[in-house]
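So you can see what is in the structure, the chains are spelled out below.
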Amino acid sequence: MSELWFEILICFLAGAGAGLGTGFAGLSAATVITPMLVTLLGLPAYEAIGIALASDVLASAASARTYGKNGSIDLRNGLVMMVGVLCMTVVGSWLSTYLPDNTLGGFSVVMALVLGLRFLFFPILAPAHPAGPGGGKRRVWMSAASGAAVGLVCGVFGAGGGMMMLMVLTFVLGYELKTAVGTSVFIMTFSALLGAMSHFALGSAPRLLPLVLCVVFTLFWAQLAARIAAKADPLLLNRLTGAILTAVGLLLLVLNLL
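Residues numbered from 1 in each chain as written. Predicted model: local features only at pLDDT ≥ 70, side-chain atom pairs only at ≥ 80, totals over all residues. Heavy atoms only, no water.

### Brief notes about the overall build of the protein chain
As a reminder, the rule being used: Numbering of helices and strands runs from the N terminus; a helix is a DSSP stretch of H or I covering at least four residues, while a strand is a stretch of E covering at least two. Buried residues are those whose accessible area, probed at 1.4 Å on protein chains only, stays under 20% of the maximum for their type, while exposed residues exceed 50% and partly exposed ones sit between those limits. Whether two residues are in contact is decided by their heavy atoms: any pair within 4.5 Å suffices. The protein chains shown are the only cover counted for residues, whose accessible areas, like all others here, come from Shrake-Rupley with a 1.4 Å probe.
A tally of helices and strands in the protein chain yields ten helices and zero strands. For the protein chain, the N- to C-terminal ordering of α and β elements is α-α-α-α-α-α-α-α-α-α. Expressed as a percentage of its 258 residues, the buried residues of the protein chain come to 50%. Long-range contacts, defined here as pairs at least 24 residues apart, represent 86% of the contacts in the protein chain between residues at least 6 apart. Surface accessibility of the protein chain: about 11600 Å² in total, with carbon and sulfur atoms responsible for 74%.

What follows is the structure, given as structure tokens:
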């Protein structure tokens, strides 16, 4: 296989994995695209992260639009959470300079596998603890605090924000899965946009071919996955999300061992 076709194949697989992860589970494209481009194509990590962030913007926006049409986005709490995410990501980025380089890989693998097995074997079919009297205000404050925590972790580890948001929205705030994923991709649209703009402003321009291929492939698969997920039976969506997360965790484990 020629070098060009190998590059196209890797970008297709990375985009497909990232798009399915975004559309079904609200994952950040960086979780899949970055390690694949670095390990299999030999791209510098900084360039690969920039390509992943750019791919995330359109994929998350398209997925959020689909979930929004089906009423599966909590816009009010999502905006509150987004402010916390964006602000604390800066603090986390500063703290990350004190961590060893291999911390991100282990964190992403564990998070993906734990969440994957959670949705496979313990599906979330309804809100865990719907807000009662005064619950709306409590949820707003919890959203702000959770967003800050997610932003801090995302800044420290450089990725994993989508998985963290999914965990917080389902485990802590008690959202059912569709609303959790819809709210997650809504937030990621803006966080990825800010990250991509900062990345390209501070660094050199990435290679055009992998950038275009990853953006297009991720967008296509994210739209397809979001359309299926928005109309899927809750149990089926839990199974699909669990399968995607588990597969991503195993993929990251393999790439970390290479």
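Structure shown, so let's carry the discussion forward.
### Here we look at the pattern of salt bridges
How we decide: A pairing counts as a salt bridge when a side-chain nitrogen of Lys or Arg comes within 4 Å of a carboxyl oxygen of Asp or Glu.
With the rule as written, the count across this model stands at one salt bridge. In this structure, the salt-bridge partner of arginine 207 is glutamate 7, at a minimum N-O distance of 2.7 Å. One end of the pair, arginine 207, is in the loop between α8 (177–202) and α9 (208–231); the other, glutamate 7, is in helix α1 (residues 3–25), and 200 residues separate them in sequence. The exposure class assigned to glutamate 7 is buried, which follows from its relative accessible area of 7%.

### Notes on the environment of leucine 245
Relative to the helices and strands, leucine 245 is located in helix α10 (residues 234–257). Relative accessible area serves as the criterion here: at 0%, leucine 245 is assigned to the buried category. Here the alpha-carbon distance between leucine 245 and methionine 163, two residues 82 residues apart in the chain, equals 8.9 Å.

### Here we look at the nonpolar core
Using the following cut-off: As used in this record, nonpolar core signifies buried Ala, Val, Leu, Ile, Met, Phe, Trp, Tyr and Cys residues forming a set joined through side-chain atoms within 4.5 Å.
Among the nonpolar cores identified, the biggest contains 56 residues, and Ile33, Leu37, Met81, Val150, Leu166, Ile187 and Leu245 are the most heavily contacted of them. For methionine 81, the contacting residues outside a window of four places in its chain are Ser143, Ser146, Gly147, Val150, Met165, Val168, Leu169 and Ile187.

### Observations concerning the packing of aromatic side chains
Basically, it comes down to this: When the centres of two rings from Phe, Tyr and Trp lie within 6.5 Å, Trp using its six-membered ring, the rings pair. Their planes under 30 degrees apart give stacked, over 60 give edge-to-face, and anything left gives tilted.
By the definition in use, this model includes four aromatic pairs. Arranged with centres 5.2 Å apart and planes meeting at 85°, the rings of phenylalanine 12 and phenylalanine 217 form a pair that is edge-to-face. Here the residue phenylalanine 12 occupies a position in helix α1, and phenylalanine 217 occupies one in helix α9, the gap between them amounting to 205 residues. Here phenylalanine 220 and tryptophan 221 contribute two aromatic rings whose centre-to-centre distance is 5.3 Å and whose plane-to-plane angle is 85°, an arrangement assigned as edge-to-face. By relative accessible area, phenylalanine 220 is classed as partly exposed at 47%. Relative accessible area serves as the criterion here: at 22%, tryptophan 221 is assigned to the partly exposed category. By way of ring pairs, the aromatic residues Phe12, Phe217, Phe220 and Trp221 are connected into one cluster.

### Topic: the packing of helix α3 (residues 45–69) against α9
Stated precisely, the cut-off is as follows: Here the axes come from fitting lines to C-alpha atoms, over the contacting stretch only for helices, and the angles between their N-to-C directions go from 0 to 180 degrees. When describing relative orientation, an angle under 35 degrees is termed roughly parallel and one over 145 degrees roughly antiparallel, while 65 to 115 degrees is termed roughly perpendicular and anything else oblique. Crossing handedness follows the turn of the near helix against the far one: under a right angle anticlockwise gives a left-handed crossing, and clockwise gives a right-handed one.
Where α3 meets α9, the closest approach of the two axes is 8 Å, and the angle between their N-to-C directions is 25°. As far as their axial angle goes, α9 and α3 are roughly parallel. For α3 against α9, the interelement crossing comes out right-handed. Here Ile51, Ala54, Ser55, Leu58, Ala59, Ala62, Ser63, Thr66 and Tyr67 of α3 lie close against α9, whose contacting residues are Pro210, Leu211, Cys214, Val215, Thr218, Leu219, Ala222, Gln223, Ala226, Arg227, Ala229 and Ala230.

### Observations regarding a positive patch on the surface
Let me state the cut-off plainly: The patches described consist of residues with a relative accessible area above 30% and no salt bridge, like charges being joined within 9 Å and nonpolar side chains (Val, Leu, Ile, Met, Phe, Trp, Tyr) within 5 Å. This count recognises Lys and Arg as positive and Asp and Glu as negative, with His and chain-terminal groups excluded. Where a charge lies is defined by one atom per residue type: Lys uses NZ, Arg uses CZ, Asp uses CG and Glu uses CD.
Positive charge collects at one region of the surface, where Arg65, Lys69, Arg227 and Lys231 lie side by side. When residues of the positive patch are traced back to their parent elements, those giving at least two are α3 and α9. A relative accessible area of 55% means that arginine 65 is categorised as exposed.

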